[in-house]
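Residues per chain are reported as follows:
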Amino acid sequence: MEILSKLFFTFAKIGLIGFGGGMAILPLIYQSVSEFNSIDSEQFANLFAISQATPGPLAVNAATFSGFETAGITGAIAATIGVAFPAFILVAICVKFLNKYQETDMVQGAFTGIRPVTVGLIMAGFIMIGQTSLMSGSFSDISDFSQILDIIKPVQIGMAAVTFIAAKKFNVSALKLIVIMGILGTFLCKGEIL
């Protein structure tokens, strides 16, 4: 029972301060998940990929998977309710507050200040997942520029680039891209440790 309450409150904290959505709070999710499981960055990248590939918000999916890995179905339920509960409360309060004060300089200033933080958090999540997915080492392992080619994963970088272009330029749906890249990965990346 103690682990269930710990899961609930840990993910409630994420739900309470998780401004900017799943990508923006990715570092916080990683820190929280690692409290319960001895999860390394590669395992977290897999959890992230599954959370992105399944329907629903990233934070909720990550909470559900983390809770399940920690304490089975009851853990999944505790973590999922924990991450979602604060959002229900905050949305109700914010809607009431914003309807009344949305045009004030203070509220507009707060939103102007929150947006760059969200971008920075998304970039931090991008770097964390990118290092695991696109590199077999870390930039700190490099002593000169020529060693960069030794640690990058060219196939995965190509897949990421094609995905970006297909999504941005040609508006290919995320579901189609996940299926296509999953199939390509099956053939191009088999035998590799992700």
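Before any of the text, the structure's been laid out above.
If you're wondering where the values come from, they're calculated on a predicted model, not measured in any experiment.

Participant: Help me out: how do you make sense of the environment of Ser-173 in this one?
Facilitator: Topologically, Ser-173 is positioned in the loop between helix H8 (154-168) and helix H9 (174-188). There is a polar contact of 3.2 Å between the side chain of Ser-173 and the backbone nitrogen of Lys-176.

Participant: I tried to follow the packing of aromatic side chains on my own but got confused; where do I start?
Facilitator: Overall, the coordinates contain 3 aromatic pairs when judged by the stated rule. A ring pair is formed by Phe-8 and Phe-9, whose centres lie 5.1 Å apart and whose planes are at 85°; its orientation type is edge-to-face. A relative accessible area of 22% means that Phe-8 is categorised as partly exposed. A centroid spacing of 5.0 Å and a plane angle of 65° characterise the contact between Tyr-30 and Phe-44, whose relative ring orientation is edge-to-face. Remark: Phe-44 occurs in helix H4 (residues 41-53) and Tyr-30 occurs in helix H3 (residues 26-36); sequence separation between them is 14 residues. Taking relative accessible area as the criterion, Phe-44 reaches 1% and is therefore assigned buried. For the cation-ring pair, Lys-169 lies above Phe-170, with the distance from its terminal atom to the ring centre recorded as 6.0 Å.

Participant: I'm lost on the packing of H4 against helix H6 (residues 105-134) in this one. Help?
Facilitator: Where H4 contacts H6, the two axes come as close as 9 Å, and the packing angle between them is 105°. By the angle class used here, H4 and H6 are roughly perpendicular. Taken together, the residues of H6 that come into contact with H4 (itself represented by Ser-41, Glu-42, Phe-44, Ala-45 and Phe-48) are Met-128, Ile-129, Thr-132 and Ser-133. Among the residues forming the contact of H4 with H6, the class breakdown is 5 nonpolar, 3 polar and 1 charged.

Participant: Looking at this structure, how should I read a nonpolar patch on the surface?
Facilitator: The grouping of Phe-68, Ile-73, Ile-77, Ile-81, Phe-85, Phe-88, Ile-89 and Ile-93 at the surface amounts to a nonpolar patch, some 840 Å² of accessible area in total. Tracing the backbone shows Ile-77 in helix H5 (residues 58-101).

Participant: Before we go on, may I ask you to explain the nonpolar core in this structure?
Facilitator: Soluble globular proteins: nonpolar side chains tend toward being buried together. With 24 residues, the main nonpolar core has Leu-7, Phe-11, Ile-14, Leu-26, Ile-29 and Phe-44 as its most contacted residues. Of all the secondary structure elements, the ones that give two or more residues to this core are helix H1 (2-17), H3, H4, H5 and H6. Tallying contributions element by element places H5 first for this core, with 7 residues. Here Leu-7 is in contact with Phe-36, Gly-67, Thr-70, Ala-71, Gly-75, Ala-78 and Ala-79, once residues within four sequence places are set aside.

Basis of the calculations
Residues numbered from 1 in each chain as written. Predicted model: local features only at pLDDT ≥ 70, side-chain atom pairs only at ≥ 80, totals over all residues. Heavy atoms only, no water. Helix = DSSP H or I, 4+ residues; strand = E, 2+ residues; numbered from the N terminus. Polar contact = N/O pair within 3.5 Å; in protein donor to acceptor, adjacent residues only side chain to side chain. Phe/Tyr/Trp six-rings, centres within 6.5 Å; stacked < 30°, edge-to-face > 60°. Buried < 20%, exposed > 50% of the residue type's maximum accessible area, 1.4 Å probe, protein only. Lys NZ or Arg CZ within 6 Å of the ring centre and 35° of its normal. Axes fitted to C-alpha atoms, helices over the stretch in contact; angles between N-to-C directions. Parallel < 35°, antiparallel > 145°, perpendicular 65-115°, else oblique. Contact = heavy atoms within 4.5 Å. Nonpolar A, V, L, I, M, F, W, Y, C, P; charged D, E, K, R; others polar. Patch = residues over 30% accessible without salt bridge, like charges linked within 9 Å, V, L, I, M, F, W, Y side chains within 5 Å. Areas by Shrake-Rupley, 256 points an atom, 1.4 Å probe, with all protein chains shown as cover. Salt bridge = Lys/Arg side-chain N within 4 Å of Asp/Glu carboxyl O. Core = buried A, V, L, I, M, F, W, Y, C linked by side-chain atoms within 4.5 Å.

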